[in-house]
Number of protein chains: 2
Amino acid sequence: MLAPTKLHLSGERFCVTYQIVGTRDEAMRKAEEICIEQTVEFPADLVPDDDIRAHIFGRIESIEQREERLFHARISYAVETAGLEITQFLNVAFGNTSIKPDIQVADLTLPASLLAAYAGPRFGISGLRALLGVTDRPLLCTAIKPMGLSAEALARMAGDFALGGIDLIKDDHGLADQVFAPYAERVRRCAEAVQEANQRTRRRSLYAPNVTAPGKALWERAYLAKAAGAGGLLVAPGIVGYDRMQALADDPQLGLPILFHPALLGSFVTHPYTGMAHGVVFGVLGRLAGADVTIFPNFGGRFSFSREVCLAIVDAARRPLGGLRPIFPAPAGGMSVGRVDDLLTLFGVDTVLLIGGDLHRHPNGIYAASQQFLEKVMARDA
Amino acid sequence: MLAPTKLHLSGERFCVTYQIVGTRDEAMRKAEEICIEQTVEFPADLVPDDDIRAHIFGRIESIEQREERLFHARISYAVETAGLEITQFLNVAFGNTSIKPDIQVADLTLPASLLAAYAGPRFGISGLRALLGVTDRPLLCTAIKPMGLSAEALARMAGDFALGGIDLIKDDHGLADQVFAPYAERVRRCAEAVQEANQRTRRRSLYAPNVTAPGKALWERAYLAKAAGAGGLLVAPGIVGYDRMQALADDPQLGLPILFHPALLGSFVTHPYTGMAHGVVFGVLGRLAGADVTIFPNFGGRFSFSREVCLAIVDAARRPLGGLRPIFPAPAGGMSVGRVDDLLTLFGVDTVLLIGGDLHRHPNGIYAASQQFLEKVMARDA
């Protein structure tokens, strides 16, 4: 038995809603295990009746049946268990419990004091609109690709997209620092091509290179992007961690919009009873970590998300979350100009429409395709 | 249609084995989609008959039936697609395909040229044995906890464990930089307590603090650990990324053994048809990223891994992998001194036995419990 511990805590707690598969008794037992596993990870019977037991143990706030053999357990944790660090917040919310089957993080609720510790999206919907000078229509986005093209060819492509009216021109997430289009050369050429196009169009299209890179290289690439005149950064937090997306967003020397790419995050969301809910992965955590645009694979494309989960992502991107700005959802993954009307009817004006490969199918090339894409969006908007 | 591209590549390719659920035709179709999705992510019919098609597209090397409706597709990629960066290697291997259901990364095979780009574990089994001066028995490991104790109480615990004969004394992964035991104070006190114990025992126990932390804080904590005389580092690559574990392992100013903690990686492995195989997550990727000890939840504890997947992890930790050192598997998660014999019969001498809470159950305290643990291991060994 440990000696009793006296603590001086704020009393503020954050809540994690776990979806648990099983009977009510099984759900209750699993919820009790979570309270221990996610905090003390220590035999509960060896902890005296002290402040660790009273405040550090997770606390079951409610257990609610959702379907047959499906329960939602809301468990609260002292904000002090997570410090004010997103790494430890993820660890307390789901670290070891991620390894247990049939438990999913369905939602996260943070008290104002904890939310205040997160700067969140630097731009959000209104800030990105102000940067682009586009106040009243959905934003247009595409990617330069495929992997294997030279930096010169990719830059020509970026310039044509900008001339045609695409607002956000990002690297395909498969572009890193490969021999065929080395990062430094690619970013310099692409940023220049988009700036030249902007001078001609009088628009303010932004180029966002992919800075997902190992260790210090991530920072070198982000600063190089800034120095080259890039207008945003693409980052995959599933590969480099939500905390580095946050650090990029928070860095005052960068001050660039952040585009969140879903690479490697699939394992959290492909199975309905494990991992984390789509709104948590793409919405709440994306905003805590400073994303301004959250890219997700839309229903009806190459991936398998349902219409329902896409709407949950959109809601989590835009709904109130303390003082954190609402952000743009960017449905993607096999979208086409032909679907623009349907997408906007469903998702509304504060949406980034990301169309990739389909723009290359236009008989007159990507400049014409981009113009057609923009016209389609403007026509709808009028 | 793109203009034809000419490339000058090495011809070397790495292989990813995907387990795909479905009929043979479905598996073939999904494999063909993977070849595109993981590389060009571009309409294949718009790529001319050039070097991008011939060398950048993924290439199906074989499709083999494993069970009814279960196939293994081996797909190769040019090493140049991934640069020599572990972030991009993960991205090409599984980035977007992680979002598709019923596809799992079953294995990774790297050519010598790519393996040579990874320093891998700095110590591995033989190096860690040399550091500890323990040549001929399994290693003993435990964690200081629970969250909520003061730095002073945790340091006393660390010292007692070292006096009792535990080789590796790590932070519980729930210890970060919380008010009740701030990182700097905890690490200074714990490192000192273990060093003092070592002077008395003439052994060389190591203290490994948890450096899983956001952005620059990870590096500050690692250097602080080194300066304080800590003997290893605990890191959760599921939270901060495999690349930062690799950067910690490779850093010559640190030069410390790396203990790999599985927090947040569960979603990759809890479902049999999604994510990545256990041997890939804990073994191959752990070694590429420089782990010296790979901690995993053993069967028969609080978690649900089967005996079979635990053996797969152990095999992946120790089997030949280019010039990369074999590493210690560390079965954990509810282990007890009573299971030592069984664990060693199954896993062999090159194992780290990680026992946490059970050591606190001994009526005479953790010093006596540690001694008993060591005696049990020595007796078996004799």
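Below is a short write-up of the structure.

Thresholds, definitions, all that
Residues numbered from 1 in each chain as written. Chains lettered and ligands numbered in written order. Predicted model: local features only at pLDDT ≥ 70, side-chain atom pairs only at ≥ 80, totals over all residues. Heavy atoms only, no water. Contact = heavy atoms within 4.5 Å. Buried area = accessible area lost by both parts, 1.4 Å probe. Salt bridge = Lys/Arg side-chain N within 4 Å of Asp/Glu carboxyl O. Least-squares fit on C-alpha atoms with pLDDT ≥ 70 in both. Helix = DSSP H or I, 4+ residues; strand = E, 2+ residues; numbered from the N terminus. Buried < 20%, exposed > 50% of the residue type's maximum accessible area, 1.4 Å probe, protein only. Expected span 1.5 Å × (residues − 1). Arc of directions from axis to C-beta. Phe/Tyr/Trp six-rings, centres within 6.5 Å; stacked < 30°, edge-to-face > 60°. Lys NZ or Arg CZ within 6 Å of the ring centre and 35° of its normal. Pairing = 2+ DSSP bridges. Axes fitted to C-alpha atoms, helices over the stretch in contact; angles between N-to-C directions. Parallel < 35°, antiparallel > 145°, perpendicular 65-115°, else oblique. Left-handed = near helix turned anticlockwise from the far one by under 90°. Nonpolar A, V, L, I, M, F, W, Y, C, P; charged D, E, K, R; others polar.

### A word on the interface of chain B and chain A
- Of the residues lining the interface, 75 residues belong to chain B; the matching set on chain A comes to 75 residues.
- Buried area between chain B and chain A, summed over both chains or domains, comes out near 6,600 Å², and the portion from carbon and sulfur atoms is 61%.
- Contact with chain A buries surface across chain B, with Ile 99, Met 147 and Leu 264 of chain B losing the most and accounting together for 11% of the total.
- Linking chain B to chain A there are ten salt bridges.

### Remarks on the relation of the copies chain B and chain A
- Each copy superposes on the other: chain B lies on chain A with an RMSD of 0.0 Å after a rotation of 180° and an axial shift of 0.0 Å. When the rotation and shift are considered jointly, the pair of chain copies conforms to a two-fold rotation axis.

### A closer look at the pattern of salt bridges
- This structure, assessed with the given rule, holds 36 salt bridges over all chains.
- Where Arg 29 of chain A meets Glu 33 of chain A, a salt bridge forms, and the shortest distance between an N and an O atom there is 3.0 Å. Residue Arg 29 of chain A and its partner Glu 33 of chain A are located together in helix H1 (residues 24-37), separated by four residues, close to a single helical turn.
- A relative accessible area of 33% means that Glu 33 of chain A is categorised as partly exposed.
- Asp 45 of chain A is the salt-bridge partner of Arg 361 of chain B, the closest N and O atoms lying 2.7 Å from each other. In this pair, Arg 361 of chain B sits in the loop between strand S12 (352-354) and helix H15 (365-381) while Asp 45 of chain A sits in the loop between H1 and helix H2 (51-56), so the two residues belong to two different chains.
- One continuous salt-bridge network, built from bridges that share partners, spans Arg 29, Glu 33, Glu 37, Glu 41 and Lys 100 of chain A together with Arg 302 of chain B.

### As for helix H13 (residues 307-318) of chain B
All names here are of chain B.
- A rise of 1.5 Å per residue sets the reference length of H13, with its twelve residues, at 16 Å; its end C-alpha atoms lie 17 Å apart and thus fit the reference within 8%.
- Three or more residues of H13 are buried, namely Val 309, Cys 310, Ile 313, Val 314, Ala 316 and Ala 317. End-on, the buried residues of H13 take up no more than an arc of 165°, which puts them together on one face.
- On its buried side, H13 packs onto helix H12 (278-288), strand S10 (293-297), strand S11 (328-332) and helix H14 (340-347).

### Side note on the packing of aromatic side chains
- Applying the stated criterion across every chain yields a total of 14 aromatic pairs over all chains.
- With centroids separated by 4.9 Å and ring planes inclined at 55°, the aromatic side chains of Phe 14 of chain B and Phe 89 of chain B adopt a geometry described as tilted. Of this pair, Phe 14 of chain B sits in strand S1 (residues 13-21) while Phe 89 of chain B sits in helix H3 (residues 86-94), and the two are 75 residues apart along the sequence. The pair Phe 14 of chain B / Phe 89 of chain B is uniform in exposure class, with both members buried.
- Taken together, the ring pairs in this structure connect Tyr 242, Phe 260, Phe 282 and Phe 305 of chain A into an aromatic cluster.
- The cationic tip of Lys 216 of chain A hangs over the ring face of Trp 219 of chain B; the distance from NZ or CZ to the ring centre is 4.5 Å.

### Side note on the pairing of strand S3 (residues 70-78) of chain B
All names here are of chain B.
- Extensive coverage of S3 is indicated by the burial of eight of its nine residues.
- For S1 and S3, the ladder comprises nine bridges, and the chain directions are antiparallel. Along S3, the bridge assignment pairs Tyr 18 with Ala 73.
- Bridge analysis of strand S2 (residues 59-67) against S3 gives seven bridges, and the strand direction is antiparallel. By the bridge assignment for S3, Glu 64 is matched with His 72.

### Overview of the packing of helix H7 (residues 183-201) of chain B against helix H8 (residues 215-228) of chain B
All names here are of chain B.
- The contact between H7 and H8 brings their axes to 9 Å, and the two run at 30°. The angle between H7 and H8 falls in the class roughly parallel. Where H7 crosses over H8, the two elements pack in a sense that is right-handed. Along the contact surface, H7 presents Tyr 183, Ala 184, Val 187, Arg 188, Ala 191 and Gln 195, while H8 presents Arg 221, Ala 222, Leu 224, Ala 225 and Ala 228.
- Taken together, the residues that form the contact of H7 with H8 break down as eight nonpolar, one polar and two charged.

### Quick notes on helix H6 (residues 151-164) of chain B
Residues and elements named next belong to chain B.
- Between its first and last C-alpha, H6 extends 20 Å over 14 residues, near the 20 Å set by a 1.5 Å rise per residue.
- The element H6 is largely enclosed, with a buried count of eleven among its 14 residues.
- Taken together, the buried positions of H6 are Ala 151, Ala 153, Leu 154, Ala 155, Met 157, Ala 158, Gly 159, Phe 161, Ala 162, Leu 163 and Gly 164.
- After H6 finishes, the residue Gly 165 shows a positive phi value of roughly 115°.

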